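Residues per chain are reported as follows:
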Amino acid sequence: MTNQLPIAVIGAGMSGVACARVLHHHNIPFHLIDRGRVVGGRMASRRIRESGTPFDGHITDIGASYFTVQDPDFATVVNSWIDAGTAREWTDTFHVATPAGISGIRTGPMRYSATEGLRSIIEHQAKVIPTEQIQPSTQVESIAVEDKHVVVDGESFSAVAVCVPDPQAKQFLDASLVSTHKLLDQIQWEAVIAVTAVFESGMLPKFDGVFVNDHPVITWIANDGHRRGNEDPVVVAHVHPQLAAQHLADPVGVIPQALDAVLPILGLTEHPQWSSAMRWTFAKPTSARDELCAFDEITHIGFAGDSWAGGPKVEAAWKSGHELGIRLAKWWNQRL
Ligand SMILES: Cc1cc2nc3c(=O)[nH]c(=O)nc-3n(C[C@H](O)[C@H](O)[C@H](O)COP(=O)(O)OP(=O)(O)OC[C@H]3O[C@@H](n4cnc5c(N)ncnc54)[C@H](O)[C@@H]3O)c2cc1C
């Protein structure tokens, strides 16, 4: 009987959608639930709406900046996104700066971006999932285990895949799940505020991104136009986690400090024409478990995300969610 109940996948970011795709592939019934209006999670992109300006319509990455690829299975998936025109190779070279200014360049692995913003990759991934199985704008408030079912906000499921940041999962998991809470307490998370700034056309120097070291205000500056593959003069700077934590109640309030840090590093004197701030209370785990994911065969609750699989990256989220989908499918089929 239990098996006839669907599985609930909570979270439609990279890990939740990767998990859901495996369940879909195995014809296992599931609901993919997210509190957001759209899929994507921290691979978040926003279209700037400022009619009459040259940057009206520009899509900005306001969450993850890019992703890298190491795992051969992930590489195969990424190649399929490239073939579909969704993902693109961005760059392997960024500048490095200190508070005094640019200090050099650093070449590393290829960084991938998306012409339509990173969220479009999750949308592309979710396309195979029938829309009636996706429940957007649905905030999960409680998960408890009752009589071999997992009960999500009063509805019974055979199992649940929790694919949200650990501190957010703790908010809805019943206090009686003591060992689960202990598991989620293992990892600390840090905040980031992403400040978007739009400058006058032609003002930006040539750069793709700048790693900013030893700066109390910012850690990273991305050229969002180059990330999209165009010359739109849009910059996204990430505020240092310690400063971001102090501004969670007022993210916009950190914009002047962030701009005062960005302008000298980029050699700019003119302030931007437009700016905005996006708050990520749980932007990234500060460490991650080596295990790919977890599934408890007693409670029937599983966990995936970027605090697993070596995190804290898009690639880890994919590996973790994909693996949880495989484990759930195996568990489901063994019980038939
Ligand atoms: C500012 C920033 C910069 C980053 N830069 C990079 C980078 O350069 N490279 C890189 O590889 N990674 C980067 N990351 C990390 C990357 O974004 C994550 O590793 C990845 O997107 C995590 O995916 P996920 O599915 O695990 O979690 P998420 O994307 O967070 O998905 C979780 C989903 O759960 C939903 N949810 C939460 N609570 C509930 C609830 N109660 N009910 C219903 N739904 C809920 C959320 O709405 C969300 O959609 C960055 C992240 C941030 C925020």
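Residues numbered from 1 in each chain as written. Predicted model: local features only at pLDDT ≥ 70, side-chain atom pairs only at ≥ 80, totals over all residues. Heavy atoms only, no water.

## Focus on the sheet that holds strand S9 (residues 149-152)
Taken in spatial order, the 3 strands line up as S8-S9-S10 in an open sheet, and their pairing is antiparallel. Both outer strands of the open sheet, strand S8 (143-146) and strand S10 (155-157), are each paired with one neighbouring strand and no more. Neighbouring strand axes in the sheet, compared pairwise and without regard to direction, differ in orientation by 35 degrees on average. Inspection of the sheet shows S9 paired to S10 by 3 bridges, in the antiparallel sense. The partner of Val151 across the bridge, within S10, is Ser156. (Pairing = 2+ DSSP bridges. Helix = DSSP H or I, 4+ residues; strand = E, 2+ residues; numbered from the N terminus. Axes fitted to C-alpha atoms, helices over the stretch in contact; angles between N-to-C directions.)

## Side note on the site of the ligand
Around the ligand, the structure places 34 residues, and the nearest of them are Ser15, Asp34, Arg42, Tyr66 and Asp306. One of the backbone nitrogen or oxygen atoms of Met14 is found 3.2 Å away from an oxygen atom of the ligand. Within the backbone of Ser65, a nitrogen or oxygen atom sits 3.4 Å from a nitrogen atom of the ligand. Look at the ligand: alone it shows 1000 Å² of surface, and the protein chains cover 95% of it. If you list the elements that add at least two residues to the shell around the ligand, you get helix H1 (14-25), helix H4 (166-172), strand S16 (274-285) and helix H9 (314-334). By residue number, the principal contributor to the shell around the ligand is S16, which donates 3 residues. Here the shell around the ligand is composed, by residue class, of 16 nonpolar, 12 polar and 6 charged. Taken together, domain 1 (1-46 + 118-185 + 289-336) and domain 2 (65-117 + 188-286) each give at least three residues to the shell around the ligand, which thus spans both. (Near = heavy atom within 4 Å. Polar contact = N/O pair within 3.5 Å; in protein donor to acceptor, adjacent residues only side chain to side chain. Areas by Shrake-Rupley, 256 points an atom, 1.4 Å probe, with all protein chains shown as cover. Nonpolar A, V, L, I, M, F, W, Y, C, P; charged D, E, K, R; others polar. Domains from an automatic or database assignment.)

## Structural notes on the domain arrangement of the chain
Annotation of the chain at the domain level lists domain 1 (1-46 + 118-185 + 289-336) and domain 2 (65-117 + 188-286). For domain 1 versus domain 2, the separation of C-alpha centres amounts to 28 Å. Contact residues are listed per partner, giving 26 residues for domain 1 and 28 residues for domain 2. Its largest share of buried area at the contact with domain 2, domain 1 owes to Leu118, Glu315 and Trp318, together 28% of the area lost on that side. In this structure, the connection of domain 1 to domain 2 is made through 1 salt bridge. The residue Lys319 makes a salt bridge to Asp71 at a minimum N-O spacing of 4.0 Å. Applying the counting rule to domain 1 against domain 2 returns 6 residue pairs in polar contact (both at pLDDT 80 or more). Secondary-structure elements contributing two or more residues to the side of domain 1 that touches domain 2 are strand S3 (45-47), helix H3 (119-126), H4 and H9. For the side of domain 1 that touches domain 2, the element with the most residues is H3, which contributes 5 residues. (Contact = heavy atoms within 4.5 Å. Buried area = accessible area lost by both parts, 1.4 Å probe. Salt bridge = Lys/Arg side-chain N within 4 Å of Asp/Glu carboxyl O.)

## What about the pairing of strand S6 (residues 101-114)?
Across a regular strand the side chains alternate sides, sitting on one face of the sheet and then on the other. In terms of strand pairing, strand S5 (residues 87-98) meets S6 through 10 bridges, oriented antiparallel. Note that in S6 the partner of Glu89 across the bridge is Tyr112. Count of turn residues in the S5/S6 antiparallel hairpin: 2 residues.

## Some points on the sheet that holds strand S11 (residues 159-162)
Spatially, 6 strands are ordered S7-S2-S1-S11-S18-S17 in an open sheet, and the strand pairing comes out mixed. Edge positions in the sheet fall to strand S7 (134-135) and strand S17 (294-296), since each has one partner strand and no second. One ladder, built from 3 bridges, connects S17 with strand S18 (residues 301-303); its direction is antiparallel. Bridging from a neighbouring strand, Asp296 pairs with Ile301 of S18. Sheet contacts for H1: strand S1 (7-10), strand S2 (30-33) and S11; angle to S2, the most-contacted strand, approximately 165 degrees. The sheet contacts of H9 involve S1, S11, S17 and S18, and relative to S17 the element is tilted by about 25 degrees.

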